[in-house]
Amino acid sequence: MSQKLQGKVAVVTGASKGIGAAIALHLAKEGASVVVNYSSSKDGADRVVAAIVDNGGKALAVKANVAKFEDVQHLFAETKKAFGKVDVLVNNAGIYEFAPLEAINPEHFHKQFDLNVLGLLLTTQEAVKLFPAEGGSIVNLSSVVATTPVPNASVYSATKGAVDALTRSLAAELGPRHIRVNAINPGMVETEGTHTAGITESDFRKQIEQQTPLGRIGQPRDIATATVFLASSDAGWVTGQTLLVAGGYR
Ligand code: NDP
């Protein structure tokens, strides 16, 4: 069976666990060489790389805090050295911290905006320098909270609202270079991050499931298969879109 991303190079930020790890594995299954970025979980990133290589694919783990300009430059310098170009960028690295209005402080704000918004701009800036003339695809991980914000998550929701806006702006800006820019807006997904935050064991999960037509929260694979679609030429005339992948929750 032919692979959808044969000969392509993909960079996935925050790919040592959760949704990013699943995306890296699925892109590799379709033939892409994958740069597996992480910020602290070297073991996790090495496991993802080993799984790809064991399956006959090519992958490289690169440590970089994508909220930092110098680290982002390092990430793409390593990418260029190993694979020479970038065809697909998946801006997945992100953090979610919940806080009621009275608990919001500059640290809470900057931590999330620096990674979820500034980080995405920095990686995109460096990646486009390495896209070939025929263009490529950028997929940003947004969230249903961009359009359906929940209480006690105003800053996180605002970062994802910004991701939706950036996605549309950059799609318009980069379209003439044949670089497509889309967002995936997941509903609640069971990951290391949502486990650690206690979300997947909470009443909030039950409430979301009751409001979800398909009656369950998501698994990383649900997001990874949609990402493969947007990354590949199957979505060759799709740009500036926000795709809700949320079991019908909105
Ligand atoms: P996890 O917390 O499970 O994993 C986060 C990943 O991001 C890890 O690989 C982590 O690497 C990496 N990361 C964290 N900080 C940085 C940084 N500064 N630089 C580079 N990498 C970093 O997250 P999820 O898989 O749950 O979420 C992934 C994305 O999906 C996020 O953007 C999130 O907002 C979005 N999303 C998630 C939903 C969910 O319910 N899970 C719902 C909607 C959207 P390391 O471990 O090395 O630090």
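Residues numbered from 1 in each chain as written. Predicted model: local features only at pLDDT ≥ 70, side-chain atom pairs only at ≥ 80, totals over all residues. Heavy atoms only, no water.

(A) Structural detail: the packing of aromatic side chains. Per the stated rule, a full pass over the model turns up 3 aromatic pairs. Taking 5.8 Å as the distance between ring centres and 65 degrees as the angle between the ring planes, the aromatic pair formed by tyrosine 96 and tyrosine 156 counts as edge-to-face. One end of the pair, tyrosine 96, is in the loop between strand E4 (88–91) and helix H4 (106–128); the other, tyrosine 156, is in helix H5 (residues 154–174), with 60 residues separating them in the sequence. (Phe/Tyr/Trp six-rings, centres within 6.5 Å; stacked < 30°, edge-to-face > 60°. Helix = DSSP H or I, 4+ residues; strand = E, 2+ residues; numbered from the N terminus.)

(B) Just the site of the ligand, in detail. Around the ligand there are 31 residues in total, and Ser39, Ser40, Ser41, Tyr96 and Thr191 lie nearest to it. Note that an oxygen atom of the ligand is positioned 2.7 Å from one of the side-chain N or O atoms of tyrosine 156. Across the complex, the protein chains shield 91% of the 900 Å² of accessible surface that the ligand would expose by itself. The element contributing the most residues to the shell around the ligand is helix H6 (residues 192–196), with 3 residues. Within the shell around the ligand, the residues separate by chemical class into 12 nonpolar, 16 polar and 3 charged. (Near = heavy atom within 4 Å. Polar contact = N/O pair within 3.5 Å; in protein donor to acceptor, adjacent residues only side chain to side chain. Areas by Shrake-Rupley, 256 points an atom, 1.4 Å probe, with all protein chains shown as cover. Nonpolar A, V, L, I, M, F, W, Y, C, P; charged D, E, K, R; others polar.)

(C) Seen up close, the sheet that holds strand E2 (residues 33–38). Taken in spatial order, the 7 strands make up an open sheet running E3-E2-E1-E4-E5-E6-E7, and their pairing is parallel. Either end of the sheet is taken by a strand with one partner, and the two such strands are strand E3 (59–63) and strand E7 (242–245). When the angles between neighbouring strand axes are averaged without regard to direction, this sheet yields 20 degrees. Packed on one face of the sheet, H5 meets strand E5 (136–141), strand E6 (179–186) and E7 and runs near 160 degrees to E6. (Pairing = 2+ DSSP bridges. Axes fitted to C-alpha atoms, helices over the stretch in contact; angles between N-to-C directions. Contact = heavy atoms within 4.5 Å.)

(D) Just the nonpolar core, in detail. Judged by nonpolar contacts, the single largest core of 33 residues is most densely connected at Val12, Ile23, Leu27, Val34, Val36 and Val90. Here the element with the most residues in this core is helix H1 (residues 18–29); it accounts for 7 residues. Within the second largest apolar cluster, 22 residues are counted, among which are Val72, Leu130, Ile179 and Val181. (Core = buried A, V, L, I, M, F, W, Y, C linked by side-chain atoms within 4.5 Å. Buried < 20%, exposed > 50% of the residue type's maximum accessible area, 1.4 Å probe, protein only.)

(E) Quick look at helix H3 (residues 69–83). The terminal C-alpha atoms of H3, which comprises 15 residues, lie 21 Å apart, in line with the 21 Å expected from a rise of 1.5 Å per residue. Buried residues along H3 sit in contact with strand E1 (9–12), E2, E3, E4 and H4. Downstream of H3 by one or two residues, glycine 84 has phi in the positive range, about 80 degrees. (Expected span 1.5 Å × (residues − 1).)

(F) Structural view of the pattern of salt bridges. Applying the stated criterion to the full structure yields 9 salt bridges. Measuring nitrogen to oxygen at the nearest pair gives 3.4 Å for the salt bridge that ties lysine 81 to glutamate 78. Placement of the pair is lysine 81 and glutamate 78 together in helix H3, with a separation of 3 residues, close to one helical turn. (Salt bridge = Lys/Arg side-chain N within 4 Å of Asp/Glu carboxyl O.)

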